[in-house]
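Chain by chain, the residues:
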Amino acid sequence: MSLLHVINHPMVQHKLTIMRDKNTGSKDFRELLNEISLLMGYEVTRDIPLEDIDIETPICKMTAKEVSGRKLAIVPILRAGLGMVEGLHTLVPVAKVGHIGLYRNEETHEPVEYYCKLPEDIQDRLVIVTDPMLATGGSACDAIAMLKRKGCKNIRLMCLVSVPEGIKKVQNEHPDVDIYTAAVDDCLNENAYIVPGLGDAGDRIFGTK
Ligand code: PRP
Ligand code: URA
C-alpha cells in the first residue's frame, strides 16, 4: 500500500486557506500555489539520494553532499498541474519537465487524454506528477498508468487538495505510488467537485471563468 503524506505545515495550511476563499483572484491564487508547491517540494524530495562531491572551501578541501537532481522529472497534468511546476523547479532547477494533457468529461467525469510529451529518459527518473486536485482519482490514475507504460518505476503524486475516494482509487490501482497532499477534504458533490475544496483549479489559475 502506498503512503499518504499529509503536509500540514502551518504555512502551507495558511496559504491554502487563502486559496480556498472564493474572493481570492487568479494572480494571488497562482502565486500561492507556486509558494505552496515549493514548500511541499521539501517533503516530496525529502529522501532523494545524495552523492559525495569533492570541493574546496576557502579553508580546505572537503567531501560534501549534492543531490542527484538530474534524475528527477516533474510531470504536470494539464492544465491545473502546471501551476505546481514553477515552485518545484525553483527547488530542483535541473529537473526535466514532461506534460500530460487530460480533461474530465463534464458528464461522465472520466478523464480524456489529449497530449503527452515526456523527457526521453523518463523511465530512469524519479517522476513527480503534479495536479492540485485529486477528486475521483481518474485523471491521476490514468496519468500514472501512461507513465508506467513508458517504463517509469519510481513515481510520486503531489496534489494540493484530495478526498478519500481519490486517494483510495490511486492506492488501489497504483499501490507503489506515494501521495503527497496538503489537505484531505470531506467528499465529492454531485458534479464530482471536492467539498469544501477550492472550486475549479484550472479556471482559478488561468482565469477562464
Ligand atoms: C481537474 C484537475 C484534475 C482533475 C481531477 O482537471 O486539475 O486534473 O480535474 O479530477 P479527477 O480526480 O476526478 O479526475 P480538469 O479536468 O478540470 O481539467 P483542467 O485542469 O484543464 O481544467
Ligand atoms: N477538479 C477541480 O478543478 N476541482 C474539483 O473540485 C474537482 C476536480
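Residues numbered from 1 in each chain as written. Chains lettered and ligands numbered in written order. Predicted model: local features only at pLDDT ≥ 70, side-chain atom pairs only at ≥ 80, totals over all residues. Heavy atoms only, no water.

A closer look at the side chain of Ser 2
Counted only if it meets this: Strands here are runs of E lasting at least two residues and helices are runs of H or I lasting at least four, both read from the DSSP assignment and numbered beginning at the N terminus. Burial classification: accessible surface area is computed with a 1.4 Å probe over protein chains only, and a residue below 20% of its type maximum counts as buried, one above 50% as exposed, and the rest as partly exposed. Think of a polar contact as two N or O atoms within 3.5 Å of one another; within protein, one of them needs to be a possible hydrogen donor and the other a possible acceptor, and neighboring residues in sequence only count if both atoms come from side chains.
Its place among the elements puts Ser 2 in the segment before strand E1 (4-6). Its relative accessible area of 4% is what places Ser 2 among the buried residues. Of note is the side chain of Ser 2, whose polar atom sits 3.0 Å from the backbone oxygen of Val 177.

Section: the pattern of salt bridges
Worth spelling out the cut-off: Within this document, salt bridges are pairs made up of a side-chain nitrogen of Lys or Arg and a carboxyl oxygen of Asp or Glu, the two lying within 4 Å of each other.
Inspection of the entire model under this criterion finds eleven salt bridges. For Arg 46, the salt bridge goes to Glu 43, with nearest N and O atoms at 2.9 Å. For Arg 46, a relative accessible area of 62% corresponds to the exposed category. Look at Glu 43 and you get partly exposed, because its relative accessible area is 29%. Of the charged contacts in the structure, one is a salt bridge between Arg 125 and Asp 121, with a shortest N-O distance of 3.0 Å. A residue is classified by how much of its surface remains accessible, and Arg 125, at 7% relative accessible area, is buried. If you follow the salt bridges from partner to partner, you end up with Arg 79, Asp 203 and Lys 209 in one network.

Some thoughts on helix H1 (residues 10-20)
Because each turn of an α-helix spans 3.6 residues, side chains separated by three or four positions in sequence point in the same direction. Defined as follows: Starting at the helix axis, one direction is taken to each C-beta atom, and the arc is that of these directions. We call two residues in contact when some of their heavy atoms are within 4.5 Å.
Of all the residues in H1, the buried ones are Val 12, Lys 15, Leu 16 and Met 19. Buried residues along H1 cover an arc of 105° about the axis, so they all sit on one side. Structural note: H1 exposes Pro 10 and Thr 17 on the side pointing more than 90 degrees away from its buried face. The elements touched by buried residues of H1 are helix H2 (26-44), strand E11 (161-162), strand E13 (183-184) and helix H6 (201-206).

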